[in-house]
Structure formats: structure tokens, C-alpha cells
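Architecture at a glance
What follows is each chain in one-letter form.
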Amino acid sequence: MADKEYFALSRFYDGIINDSDYDLWLNRLADLTVETVTHKSGVDCACGSGLFTRKLRAKGLSVYGVDISEEMLEKAIQYNNRLKLNIQYLKGDIKSLKCFEKVGFITCINDGINYIPQKDLLKTFKSFYKNLLKGGTLIFDISSEYKLKNILGNNVYGDNSEELSYIWFNELNENEQKVDINICFFEKQGDTYKRYNEEQTQYIHTETQVLSALEEVGFKEVKILNKNGEQKAENEERLLFIAKK
């Protein structure tokens, strides 16, 4: 994923995801993380604007954030300054994660793994494994194969408000097992609107592929749950993985 892919999205990301259900979901995942990890220091990968990182810190965990997007990290630092927090954020590629020292847990929440091409999935899990303490915990989620093929697929979404509107186009590529995303934002500026374009790609990882890669790297006790950390059902839109080193 190129550095500049989030240039437009970083301006509007928190606004378009800011709803009570999303906040409750992240709170549940933060609670689950606290209940699951045995070491209380870790790193939140693909942290974006730092929302989940801040949730973890509020639960008493020692955590810092890593993201490849400078624009997203700038937003995270702005929140730090505004809220008088002391969370460190670092630019880094999670495919080759390099922590200061080995950590007790690694989180990667809200599709971070979906931005990793299939060819780099094993490499990414190896980098996670290398940076974890023995007995450390990896917690991440993915948008499922079902969601990317049937919910996003070739569909179009949008939203319209007085200050910001957007149209979200998806294009499913079955051969390359990916969904190409193009989002057009229209921000009101006086009597006119300014347009911003964002292009991304999410890769389809099957449950079997992810489990196989985790086990090949050496992760054990792998649990596959629904997005809330409960027993999964058929056609889940989001899957949560918890694995131990």
C-alpha cells in the first residue's frame, strides 16, 4: 500500500466511521484484548488515526501505534496533542515490522490484513511472530471472503450530508482475489464543493489461507471468532483471529 493512498481518506476517515455501533465494537475488542493478553505492553499495527490505540491505552495497556500512512499518523498525533496523551506513533510497514523490543501483544484491527497481498501474508505473520515475546498474543481481524465478494463486490455505496458527501465504488476482481475501491469525497467549501479521490485495494484472504499461514509461521492455539469475539456463524462479514506464540 503506497504512502499516499490515505491522503484523502485521512481528512474524512473519523467522520465517516464515527457512529455509536463502531465505538461499541472497538470497546468490546479493547476489553477482549485486556482479557486475553498475558503481557500488557504491545503495538497496534495499521493504527490509522489511532482510535483503537487510544482505546487500548484507556484500558490500561502500554501500547504504541504503527502505520504506513504519514497522513493518518498526523491525525493520530493531533488527537494526542488535543487530548494530552502520551502515545507514540511510528511510521512503518507491518510486512516488515520492527519493534523497539519484543512485545507482549500485537493488534491489527479493522481490515489492516486485507491490505496485505496474498503473496505477502506469510511474510507479515513472520514479522509479527518475530516481534512477540514467548507466550505473546496476536489479535487481528479481516473482512471475510463472503463480505468482500458479496457485500462489497461490485456494489456502490454513498452518503450525503450538508458538509460532506461521498460515493464509494467497488470492483471485484475474481482472478486476482481482490476488490479495488474508489471513493469520491465532496467537501463543502463555501458555496461550492471540493472533490477528493481515494483509491485502495483490499485482498481476499480465506479463513483456510489465514489459518494455514499462521500455523506455518508457528502460531498456536489459534481461535477464529466473529467480530465480537464470540462463536462465529456461517457467512460472517468479519472474522477475528487470536493466536499465541
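The structure displayed is predicted, hence computed values, not measured ones.

Counting secondary structure elements, the chain contains seven helices and eleven strands. A compact globule built from 245 residues would reach a C-alpha radius of gyration of about 18 Å, and the chain, at 18 Å, matches this within 12%. Taken along its principal axes, the extent of the C-alpha atoms in the chain is 60 × 45 × 30 Å. Looking at the 245 residues of the chain, the share that counts as buried comes to 51%.

The subject of this paragraph is the packing of helix α5 (residues 121-131) against helix α7 (residues 207-217). Taken N-terminus to C-terminus, the directions of α5 and α7 make an angle of 45°; their axes are 9 Å apart at the nearest point. Here α5 lies oblique to α7, going by the angle between them. Relative to α7, α5 is oriented so that their crossing is right-handed. Across from L121, L122, F125, K126 and Y129 in α5, the residues of α7 making contact are Q209, V210, A213, L214, E216 and V217. In the contact of α5 with α7, the residues fall into eight nonpolar, one polar and two charged.

On to the sheet that holds strand β8 (residues 178-189), then. Spatially, β6-β7-β8-β9 is the arrangement adopted by the four strands of the open sheet, whose pairing is antiparallel. The outermost strands of the open sheet, each flanked by one partner alone, are β6 (156-160) and β9 (192-203). Shown here is a sheet whose adjacent strand axes are inclined to one another by a mean of 10°, direction ignored. Along the sheet face, helix α6 (residues 145-152) touches β6, β7 (164-173), β8 and β9 and points at about 115° away from the line of β7.

Attention now goes to the pattern of salt bridges. Taken as a whole and assessed by the stated rule, the structure comprises twelve salt bridges. One salt bridge connects D23 with K55, and the closest N-O pair in it is separated by 2.5 Å. Residue D23 is located in helix α2 (residues 20-36), and its partner K55 is located in helix α3 (residues 51-58); the two are separated by 32 residues in the primary sequence. A relative accessible area of 13% means that K55 is categorised as buried. One salt bridge connects E70 with K91, and the closest N-O pair in it is separated by 3.1 Å. A residue pair is termed long-range when its members are at least 10 positions apart, and E70 in helix α4 (residues 70-83) and K91 in strand β3 (residues 89-91) qualify at 21 residues. Given the relative accessible area of 38%, E70 is considered partly exposed. Each member of the salt-bridge network shares a partner with another, and the members are D111, D141 and R238.

Time to look at the packing of aromatic side chains. Inspection of the entire model under this criterion finds seven aromatic pairs. Considering the side-chain rings of Y64 and F100, the 5.4 Å spacing of their centres and the 45° angle between planes classify their relative orientation as tilted. In this pair, Y64 sits in strand β2 (residues 62-67) while F100 sits in the loop between β3 and β4 (103-108), placing the two residues 36 residues apart along the sequence. Aromatic rings pair up to connect F125, F128, F140 and F241 into one cluster. We note R82 situated over the ring of Y79; from NZ or CZ to the ring centre the distance is 4.9 Å.

Calculation criteria
- Residues numbered from 1 in each chain as written.
- Predicted model: local features only at pLDDT ≥ 70, side-chain atom pairs only at ≥ 80, totals over all residues.
- Heavy atoms only, no water.
- Helix = DSSP H or I, 4+ residues; strand = E, 2+ residues; numbered from the N terminus.
- Rg over C-alpha atoms; globule rule 2.2 N^0.38 Å.
- Buried < 20%, exposed > 50% of the residue type's maximum accessible area, 1.4 Å probe, protein only.
- Axes fitted to C-alpha atoms, helices over the stretch in contact; angles between N-to-C directions.
- Parallel < 35°, antiparallel > 145°, perpendicular 65-115°, else oblique.
- Left-handed = near helix turned anticlockwise from the far one by under 90°.
- Contact = heavy atoms within 4.5 Å.
- Nonpolar A, V, L, I, M, F, W, Y, C, P; charged D, E, K, R; others polar.
- Pairing = 2+ DSSP bridges.
- Salt bridge = Lys/Arg side-chain N within 4 Å of Asp/Glu carboxyl O.
- Phe/Tyr/Trp six-rings, centres within 6.5 Å; stacked < 30°, edge-to-face > 60°.
- Lys NZ or Arg CZ within 6 Å of the ring centre and 35° of its normal.

The analysis is restricted to geometry; functional conclusions fall outside its scope.
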